[in-house]
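Remarks on the overall topology
Here is what each chain is made of, one letter per residue.
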Amino acid sequence: MKEMLRNLPRREKETLCELLTEKIISHTSFFHSDLILIFYPLHNEINTIPIIEYSLKHHKRVALPIMEEDQINFYEIGQDYEKKLVKNCFGIKEPKLSNQRILLDEFSNALLIVPGLAFSTEKQRLGRGKGYYDKFLQKFRNMVVSVGVCFDFQLLNSIPTGKHDEKVDYIITDRRII
């Protein structure tokens, strides 16, 4: 899957990301959300920047993750957020710790956009192996609607899972919603 993502032509990736963005921002869970918990894209991931910018433009509160020790926490961002991001030790852009940390119990409709290397049609997720999103979902499942996002070729009939792996509520690809 990593090789397929690496070899995806840039133009095709841009087109697929545009289709995916349209599906996400028109999904009912996005429409009703008052908080968007979303990742900043790595080179081979879905480009989430248009979703972030659309959310901010439409007055939704938006937060990006920071990996802290063995867990993930989300910190709010605002307009001109890109100028204020810093690269962590893995080269991933994230907000500064001085940003406001999100407390989920202050929100009634939080949407968690979840990255993955692959997803299954049973809503299982194959991540990058650290379990950050699995731990977050175990702790906050009843406070968020989780949406796994991927290109349609990343959606498989089955993927290897373990006892700590958490399913997502929905999967949105460039072609379908599960």
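The coordinates are above.
Rules of the game
Position numbers for residues count from 1 along each chain, tracking the sequence in the order it is written. Owing to the predicted nature of the model, reporting of local features is limited to residues with pLDDT of at least 70; listing and counting of side-chain atom pairs is limited to 80 or more, with chain, interface and lining totals taken over all residues. Excluding hydrogens and water, the side-chain figures rest on all heavy atoms present in the structure. Working definition: a ring pair exists when centres of Phe, Tyr or Trp rings (six-membered ring for Trp) sit within 6.5 Å. Plane angles under 30 degrees give stacked, over 60 give edge-to-face, the rest tilted. Helix and strand assignments follow DSSP, with helices taken as H or I runs no shorter than four residues and strands as E runs no shorter than two, numbered in order from the N terminus. For every residue, the accessible area obtained with a 1.4 Å probe (protein chains only) is divided by the maximum for its type, and the residue is called buried under 20%, exposed over 50%, and partly exposed between those limits. DSSP calls a pair of strands paired once it identifies at least 2 bridges connecting them. For helices, the fitted line uses only the C-alpha atoms of the stretch in contact; every axis is such a line through C-alpha atoms, and the angle between N-to-C directions lies from 0 to 180 degrees. The contact definition used throughout considers only heavy atoms, calling two residues in contact when any of these lie within 4.5 Å. The arc in question is the one spanned by the directions pointing from the helix axis to the C-beta atoms. By convention in these notes, a salt bridge is any Lys or Arg side-chain nitrogen within 4 Å of a carboxyl oxygen on Asp or Glu.

Remarks on the packing of aromatic side chains
- Counted under the stated rule, the structure contains four aromatic pairs.
- When the centroid spacing of 5.9 Å and the interplanar angle of 45° are considered together, the rings of Phe30 and Tyr54 count as tilted. With Phe30 in helix α3 (residues 28-31) and Tyr54 in helix α4 (residues 49-57), this residue pair connects regions lying 24 residues apart in the sequence.
- Residue Tyr54 is classed as partly exposed on the basis of its relative accessible area, which comes to 30%.

Some points on the sheet that holds strand β2 (residues 61-68)
- The six strands are arranged β3-β2-β1-β6-β9-β11 in an open sheet whose pairing can be described as mixed. Two strands close off the open sheet at either side, each with one partner strand: β3 (71-77) and β11 (170-172). Going across the sheet, the axis of each strand differs from the next one's by a mean of 30°, ignoring polarity.
- In this sheet, β11 lies alongside strand β9 (residues 144-149) in parallel orientation, the contact comprising three bridges. Across the sheet, residue Gly148 finds its bridge partner in β11, namely Ile171.
- Lying on the sheet, helix α2 (residues 10-25) is in contact with β6 (110-114), β9 and β11; it crosses β11 at an angle near 145°.
- Along the sheet face, α4 touches β1 (35-37), β2 and β3 and points at about 135° away from the line of β2.

Quick word on α4
- Of the positions making up α4, those classed as buried are Ile49, Ile51, Ile52, Ser55 and Leu56. For α4, the angular spread of the buried residues around the axis is 165°, confining them to a single face.
- On its buried side, α4 packs onto α2, α3, β1, β2 and β3.
- A positive phi of about 60° marks His59, the residue just after α4.

What to know about the pattern of salt bridges
- Here the structure, examined in full by the defined rule, presents seven salt bridges.
- Across the salt bridge formed by Asp152 and Arg175, the nearest N and O atoms sit 4.0 Å from each other. Placement of Asp152 in the loop between β9 and β10 (155-156) and of Arg175 in the segment after β11 is noted, with a sequence separation of 23 residues between them.
- Given the relative accessible area of 65%, Arg175 is considered exposed.
- A salt bridge links Asp152 to Arg176, with the nearest nitrogen and oxygen atoms 2.8 Å apart. Note that Asp152 is positioned in the loop between β9 and β10 and Arg176 in the segment after β11, a separation of 24 residues in sequence.
- With relative accessibility at 11%, the residue Asp152 sits in the buried group.

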